[in-house]
Amino acid sequence: MNLEERIAAHGPKRILALDGGGVRGVISLQILARIEELLRASTGNGALRLADWFDFIGGTSTGAAIAACLALGLETREVLRFYQDAGPAMFHRSELVERLWYLYDQDPLAAKLREILGAETTLGSERIQTLLMIMMRNATTDSAWPVSNNPRAVYNDPRRANCNLRLPLWQLVRASTAAPVYFPAERMRIGGSRFLFQDGGVTPSNNPAFQMFVMATASPYRVNWKATRKDLLVVSVGTGLTTETNPEATAFGLNILKLATTLPGVLIGGSQVQQDLLCRVFGECRFGLPIDREVGDLRRSRGPGRKLFSYVRYNAELDDATLGGLGLGRLRAASIRRMDAVPHIGALAEVGRAMAEAQVQAVHFAGF
């Protein structure tokens, strides 16, 4: 079944949305491994890949990298091995003079992406088995760019000089992972224009779940899937919340340097909660931990009219109390919260496995 046939096929549709969060994508991969395991058991297909079950996979930043790999048909263990083996190389310190602009060199990351995705693989490649969305920020136009391989999309018309389907997949993912402070922006030529792109995490869609719902159902995108809780399932996977209380914060301490180094994390944390809240209001939440003490988890809650999709959200706060509740009290949250916590990939994998065991259940996918 080609992509056009898959889009047009009758029956329920399934969306997988993956948050950004740097090397904390290892947490997401452990949750995805659990989902893959449960789906293999429920379908009786021991070789099932997530691309076989989900019709639309997308992500932001590290989520875009994982999404691209999964959409190409890789197993979760293959993607996890890529993170474990290539993580240290991807976060290679830039030259001292360059650290005034960014902390890490772009070349090792670009090389690893070309290696796993294929240097010649384009966004329109037939190797991509599902609808795929990559969230970026166009710094040149100061706008959010959700780029997909949807063959019906306006800017994917092969007759256009600036057809997005010709763009290298690895470069789109590299653009989506270009987190300010951490990596330099990615320069790309599209048609006759040049643009600079940055991490999609600095848009409102670090958690891309609601954006993907819109792209799957709103008429301008021409996918036109049915928007009902029985026809559409959205599974959203986070990389861990990093909210924490700092009672010693002062106005003087919130200086330019402090803001510059903490802004990516602040934007990621704020946007993922907002998008999660939107999904729970407009969708029927099958599972999700409480958002806060005011709104709770919004399961069985009333919204503005009928529910437009079924929704599942997997995530957890990365604090010492949560780690203790997961049986990981020996780990320190402060050491694994950073997006570049490469030395702690093993600990992140432990956290992800514990989260997966505590949260992911086969019943969440019933009916789809």
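Described in the following lines is the structure provided in the data block. On a predicted model such as this, the values are computed, not experimentally measured, just so you know.

## Regarding the pattern of salt bridges
If you walk through the whole model with that rule in mind, you get 19 salt bridges. Measuring nitrogen to oxygen at the nearest pair gives 4.0 Å for the salt bridge that ties Glu 75 to Arg 49. Taken together, the residues Glu 75 in the loop between helix H4 (62-71) and helix H5 (76-90) and Arg 49 in the loop between helix H2 (25-43) and helix H3 (50-53) connect sequence positions 26 residues apart. Given a relative accessible area of 27%, Arg 49 falls into the partly exposed group. The salt bridge partner of Asp 142 is Arg 137, with a shortest N-O separation of 2.8 Å. A single network of salt bridges, built from pairs that share partners, joins Glu 36, Arg 40, Arg 49, Glu 75, Arg 77 and Glu 78.

## Considerations on H4
By the criterion of burial, H4 is predominantly enclosed, with ten of the ten residues buried. Turning to H4, its buried residues are Thr 62, Gly 63, Ala 64, Ala 65, Ile 66, Ala 67, Ala 68, Cys 69, Leu 70 and Ala 71. Where H4 terminates, the next one or two residues include Gly 73, which has phi positive at roughly 95°.

## A short note on the nonpolar core
Of all hydrophobic cores here, the largest spans 84 residues; its most connected members are Leu 16, Leu 32, Ile 35, Leu 117, Leu 169, Val 235 and Tyr 314. Those residues in contact with Leu 169 that lie beyond four places of it in its chain are Ala 68, Leu 72, Leu 117, Thr 121, Thr 122, Leu 123, Ile 128, Leu 132 and Ile 134. Counting residues in hydrophobic clusters, the runner-up holds 24 residues, among them Leu 3, Leu 131, Met 215 and Phe 309.

## As for the packing of aromatic side chains
What the rule picks out here adds up to twelve aromatic pairs. Each ring, one from Phe 56 and one from Trp 225, has its centre 6.4 Å from the other, and the planes form 80°; the classification is edge-to-face. Of this pair, Phe 56 sits in strand E2 (residues 56-60) while Trp 225 sits in the loop between helix H8 (209-217) and strand E7 (232-237), and the two are 169 residues apart along the sequence. Taken as a pair, Phe 56 and Trp 225 share a single burial class, namely buried. With a centroid separation of 5.8 Å and 50° between ring planes, the pair formed by Phe 210 and Phe 282 is classed as tilted. Within this pair, whereas Phe 210 is found in helix H8, its partner Phe 282 is found in helix H9 (residues 256-282), the two being separated by 72 residues in sequence. Feature note: the residues Phe 210, Phe 213, Phe 282, Phe 309 and Tyr 311 constitute an aromatic cluster, connected by ring pairs.

## Looking at the packing of H4 against helix H7 (residues 169-176)
Helix packing geometry: the angle between the two helix axes and the distance between the axes. Their axes nearest at 7 Å, the elements H4 and H7 cross at an angle of 155°. Put simply, H4 runs roughly antiparallel to H7. Crossing of H4 against H7: the hand is right-handed. From H4, Ala 64, Ala 65 and Ala 68 reach across to H7, where they touch Leu 169, Val 173 and Ser 176. Residue composition of the contact of H4 with H7, grouped by class: five nonpolar, one polar and no charged.

## Brief notes about the side chain of Arg 24
Examined against the element boundaries, Arg 24 turns out to sit in the loop between strand E1 (13-18) and H2. Although Arg 24 is buried, it forms no salt bridge, and the closest oppositely charged side chain is Asp 19 at an N-O distance of 7.6 Å. One polar contact links the side chain of Arg 24 to the main-chain carbonyl oxygen of Gly 240, over a distance of 3.0 Å.

## Some points on the pairing of E2
Extensive coverage of E2 is indicated by the burial of five of its five residues. Taking every second residue as pointing to the same face, both faces of E2 are buried, with Phe 56, Gly 58 and Thr 60 on one and Ile 57 and Gly 59 on the other. With four bridges connecting them, E1 and E2 associate as parallel partners. Residue pairing for E2: Leu 16 is matched across the bridge by Ile 57. Relative to strand E3 (residues 131-138), E2 runs parallel, the two sharing five bridges. Looking at the pairing, Gly 58 lines up with Met 133 of E3.

## Description of the state of the cysteines
By the definition in use, this model includes zero disulfides. The closest cysteine sulfur to the non-disulfide-bonded Cys 285 is located on Cys 279, 9.4 Å from its own sulfur.

## Comments concerning helix H12 (residues 345-359)
The end-to-end C-alpha distance of H12, which contains 15 residues, comes to 21 Å, matching closely the 21 Å that a straight helix rising 1.5 Å per residue would cover. Turning to H12, its buried residues are Ile 345, Ala 347, Leu 348, Ala 349, Val 351, Gly 352, Ala 354, Met 355, Ala 356 and Gln 359.

Definitions and limits used
- Residues numbered from 1 in each chain as written.
- Predicted model: local features only at pLDDT ≥ 70, side-chain atom pairs only at ≥ 80, totals over all residues.
- Heavy atoms only, no water.
- Salt bridge = Lys/Arg side-chain N within 4 Å of Asp/Glu carboxyl O.
- Helix = DSSP H or I, 4+ residues; strand = E, 2+ residues; numbered from the N terminus.
- Buried < 20%, exposed > 50% of the residue type's maximum accessible area, 1.4 Å probe, protein only.
- Core = buried A, V, L, I, M, F, W, Y, C linked by side-chain atoms within 4.5 Å.
- Contact = heavy atoms within 4.5 Å.
- Phe/Tyr/Trp six-rings, centres within 6.5 Å; stacked < 30°, edge-to-face > 60°.
- Axes fitted to C-alpha atoms, helices over the stretch in contact; angles between N-to-C directions.
- Parallel < 35°, antiparallel > 145°, perpendicular 65-115°, else oblique.
- Left-handed = near helix turned anticlockwise from the far one by under 90°.
- Nonpolar A, V, L, I, M, F, W, Y, C, P; charged D, E, K, R; others polar.
- Lys, Arg positive; Asp, Glu negative; His and termini not counted.
- Polar contact = N/O pair within 3.5 Å; in protein donor to acceptor, adjacent residues only side chain to side chain.
- Pairing = 2+ DSSP bridges.
- Disulfide = S-S within 2.5 Å.
- Expected span 1.5 Å × (residues − 1).

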